[in-house]
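Per-entry structural report
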Amino acid sequence: MNNSSNISCCSFKRLNQSLFVFTVCAVAALANAADPDDQIYEKSPDERFGFRDSFAGAAKTEQSEMSDPMAIEVVEISSKRVVLPSPKEALIPIRLRREPYWSNDSKHIALSFQTGPRTWTAMLYEWDGKEFAEVSWPRDAIRKRIEEEQAAQLKALGLPESTPRKLVYEGFTALGWVDATAVEMIAERIDSVVVSKDLPPAELDARFSFVTKIRDLRRTEIADATKTLGTAHYGDVEGFAEARLADEQPESFYLVKDVEEGQQPFRLYALERFAVVGEKGDDYVVEDGCEHEGRIPRRFVHKFPSPFLSNEMDWCAVSRGIHYEVLLKVAQSGYLPALRALFALGDFDGAAADIHSDGVDDIRKFVSARQISEAQGSFSAAYRGLVKPSKSSAIRRGKRTDFSQVLAKADACARLVDENSGGFTGMRVARVPTGQKPFQLLGGEYFAITGEKDGDYLIQDAVGNQGYVAKDFVETVPKPATESAMLLPLMGLHYLRVVKGTQSERDSPDTRRLMLSLDLTGQSAAEHARNLERMLNHEDALSLLLKEFSPARVKAIGAMLLEGRSENDKAELIRKYPQIFHGAAPPKSPGKKKL
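Thresholds applied
Residues numbered from 1 in each chain as written. Predicted model: local features only at pLDDT ≥ 70, side-chain atom pairs only at ≥ 80, totals over all residues. Heavy atoms only, no water. Helix = DSSP H or I, 4+ residues; strand = E, 2+ residues; numbered from the N terminus. Buried < 20%, exposed > 50% of the residue type's maximum accessible area, 1.4 Å probe, protein only. Contact = heavy atoms within 4.5 Å. Axes fitted to C-alpha atoms, helices over the stretch in contact; angles between N-to-C directions. Parallel < 35°, antiparallel > 145°, perpendicular 65-115°, else oblique. Left-handed = near helix turned anticlockwise from the far one by under 90°. Nonpolar A, V, L, I, M, F, W, Y, C, P; charged D, E, K, R; others polar. Pairing = 2+ DSSP bridges. Salt bridge = Lys/Arg side-chain N within 4 Å of Asp/Glu carboxyl O. Phe/Tyr/Trp six-rings, centres within 6.5 Å; stacked < 30°, edge-to-face > 60°. Lys NZ or Arg CZ within 6 Å of the ring centre and 35° of its normal.

Counting secondary structure elements, the chain contains 18 helices and 25 strands. The 595 residues of the chain split such that 56% are buried. A separation of at least 24 residues holds for 64% of the contacts in the chain among residues at least 6 apart in sequence.

As structure tokens, then:
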């Protein structure tokens, strides 16, 4: 994939952020802090009714502005009378998904909200003259279609219908009103099943779009139920789904051999996101971020449910192996490798460039001038203008802990069930040990499980925050074995995916800048040295290093290249790259003439 082109030309055909988690709540919070009882937003088409949030009377703070509401009501604007109370089924704080809510005649409302860590539902309401009453719609009929589809998938795996299943996700989502009494909806369910002790769990996934027609409060009909693959109706592209390998060990991979004639086999790495673009028999047809396409047995694929899809920045970054929001969070701790990696991503394209510019600009609020200067000293003067140094002596100096030691003692490594990293996703951890402050966990962020208390996990994140998280919201993953596999997922970087990008002729110089910015030591140093050497075989990689990185950084990369090498190999590398080790010009080939 040519990442230097506009983001909309990405081979994944980026999604619009039309799937979102109630982004208007941040705007509402600003006004609610001033007058929480009277703030009305998202009015009905006839402007008679409107929504009102409650943030439990929280004072206006940076954190409250980014929080989800504790309750959401529909009120009659003229009288402020509540005509639809907050749904009792909703998870608190409330997380809504999708617009619009109103039918064109203002007599019907569709709400889609989260009911648990792995469940979402949709509810329909109709105006009865006094209030909005719930409309019953036949979920069981749709669940029966899902059950039939999953039974067929079990049969294809050679498993009996009685095979135990573990819920991964179930969701019902209202997409919009077709007319005044008909709403388009999506139903999705994913369950995992054990195939054998030698294989990762297989997943049974089924997804249907359909239309619910309302006859009256107790009589509805379902029409046009159609099996769909992934993101249909959620963005501007239909017919593919986002996925990763079911085996989550960061250093594992799957070799895709079943490819079209004339194409080469390719590797998919654990934690690498790719697109499922079709089905052939019991296999998925997948496409990675470097335009490789092939078939892979569906039992090896974890297909993300729709609420876990990425936004624009995620698609651009994940193609390079980066969870951008997580990297930004760790960089704000002042951790030098994360700061260097963040500054290395200087040429994001399209809409992502503005987001990156804002994120880098925010660094000065959190990080000392000394730390910024040290990180920016790795790059040319062109990069030093991105951030104005902070006048603070050290805002977060020393906050970050050594996670190689934390994870060595931890019970397990984990992440949130919702793996999407951008926007309003993630979780605010409010239950913390005495003397500590609440903090945000992001989807895709690795953290350590260090204990249990009252049925919750005690966790520690990449910047040293500790808190308690309910087990239902947490998904354990294998503890990484090496420094790169351990440290980089905590920073939001998938090392092997970044390496894969540097070995692709079609990938962006940005990926090579990122690779050159990484500091790896310990067990992973020798592996990193070999990958750096392979990357430097690209004709632009060496020129990027010498042109855009400081002499001190070039010297440090030279030291990394020699890690784990024999004396003969070291001598050969020094001879091969005199510009790195001696600042000399490269040896000229006698067979070439200067043009």
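Following Ile-92, the chain continues to Pro-93 via a peptide bond in cis, the omega torsion being -5°. With respect to the helices and strands, Pro-93 occurs in the loop between strand E3 (81–84) and strand E4 (108–116). The residue Glu-42 is not glycine, and still its phi comes out positive at about 50°. In this fold, Glu-42 is placed in the loop between helix H1 (24–34) and strand E1 (49–54).

Take the packing of helix H6 (residues 336–344) against helix H13 (residues 509–517) next. Closest axis-to-axis distance for the H6/H13 pair is 8 Å, and the angle between their directions is 165°. In terms of axis orientation, H6 runs roughly antiparallel to H13. Pair H6 / H13 crosses with right-handed handedness. Contacts between H6 and H13 involve Pro-337, Arg-340, Ala-341 and Ala-344 from the first element and Asp-510, Arg-513, Leu-514 and Ser-517 from the second. Here the residues of the contact of H6 with H13 are counted per class, giving 4 nonpolar, 1 polar and 3 charged.

In this section: the environment of Val-429. Tracing the sequence through the fold places Val-429 in strand E20 (residues 427–429). Given the relative accessible area of 2%, Val-429 is considered buried. Each C-alpha atom, one on Val-429 and one on Asn-465, is 9.5 Å from the other, the two residues being 36 residues apart in sequence. In this structure Val-429 touches Pro-438, Phe-439, Leu-441, Gly-467, Tyr-468 and Val-469, once residues within four positions along its chain are discounted.

We now examine the sheet that holds strand E19 (residues 412–416). The 5 strands are arranged E24-E23-E22-E19-E25 in an open sheet whose pairing can be described as antiparallel. Looking at which strands have only one partner, the edges of the open sheet turn out to be strand E24 (466–470) and strand E25 (474–477). In this sheet, neighbouring strand axes are inclined to one another by 50° on average, regardless of whether the strands run parallel or antiparallel. Bridge count for E19 against E25 is 4 bridges, and the pairing is antiparallel. By the bridge assignment, Cys-413 is partnered in E25 with Val-477.

Right, let's get into helix H12 (residues 495–502). Here H12 lies mainly inside the structure; 8 of its 8 residues are buried. For H12, the elements touching its buried residues are strand E14 (266–269), helix H4 (312–318), helix H11 (483–491), H13 and helix H14 (525–535).

Residue position: Lys-500 is located in helix H12. Accessibility expressed as a relative area gives 9% for Lys-500, which makes it buried. The contact partners of Lys-500, leaving out residues within four places of it in the chain, are Phe-266, Arg-267, Leu-268, Tyr-269, Glu-272, Asp-288 and His-292.

Counting across every chain of the model gives 44 salt bridges. Between Asp-456 and Arg-431 there is a salt bridge, with its nearest N and O atoms 2.7 Å apart. In this pair, Asp-456 sits in strand E23 (residues 456–460) while Arg-431 sits in the loop between E20 and strand E21 (439–441), placing the two residues 25 residues apart along the sequence. Judged by its relative accessible area of 17%, Asp-456 falls in the buried class. Glu-572 serves as the salt-bridge partner of Arg-575, at 2.9 Å between the closest nitrogen and oxygen. Here Arg-575 pairs with Glu-572, and both are found in helix H17 (residues 567–576), just 3 residues apart, close to one helical turn. Assessed through its relative accessible area of 39%, Glu-572 is described here as partly exposed. Among the charged side chains, a network of salt bridges with common partners joins Asp-140, Arg-143, Glu-170, Arg-189 and Asp-191.

Okay, the packing of H12 against H14 next. Where H12 meets H14, the axes come as close as 9 Å, and the angle between the chain directions of the two elements is 20°. By the angle between their directions, the pair H12 and H14 is classed as roughly parallel. Once H12 is placed against H14, the crossing between them reads as left-handed. Together, Tyr-495, Leu-496, Val-499 and Thr-502 of H12 and Glu-527, His-528, Asn-531 and Met-535 of H14 make up the contact between the two elements. When its residues are assigned to classes, the contact of H12 with H14 shows 4 nonpolar, 3 polar and 1 charged.

Moving on to H14. Listed as buried for H14 are Ala-525, His-528, Ala-529, Asn-531, Leu-532 and Met-535. In this fold, the buried residues of H14 make contact with H12, H13, helix H15 (539–548) and helix H16 (551–561).

Next up on the list: the packing of aromatic side chains. Two aromatic rings, taken as a pair, are described by how far apart their centres are and by the angle between their planes. All chains considered together, the criterion is met by 12 aromatic pairs. On the numbers, 5.1 Å between centres and 55° between planes, the contact of Trp-127 with Phe-132 is tilted. There is no split in this pair, since Trp-127 and Phe-132 are both buried. Taking the centre distance of 6.0 Å and the plane angle of 35° together, the rings of Trp-137 and Phe-210 count as tilted. Of this pair, Trp-137 sits in the loop between strand E6 (132–135) and helix H3 (139–156) while Phe-210 sits in strand E9 (residues 202–216), and the two are 73 residues apart along the sequence. Seen from the ring of Phe-253, Arg-267 lies directly overhead, with NZ or CZ sitting 3.8 Å from the centre.

As a further point, take the environment of Lys-437. As for its placement among the helices and strands, Lys-437 is situated in the loop between E20 and E21. Expressed as a C-alpha distance, the spacing of Lys-437 and Gln-466, which sit 29 residues apart in the sequence, is 8.9 Å.

This part is about the pairing of E4. The element E4 is extensively covered by neighbouring structure, given that 8 of its 9 residues are classed as buried. Sheet analysis places E4 next to strand E5 (residues 119–127), joined by 8 bridges and oriented antiparallel. Within the sheet, the bridge partner assigned to Ala-110 lies in E5 and is Leu-124. In sequence, E4 turns back onto E5 through a hairpin of 2 residues.

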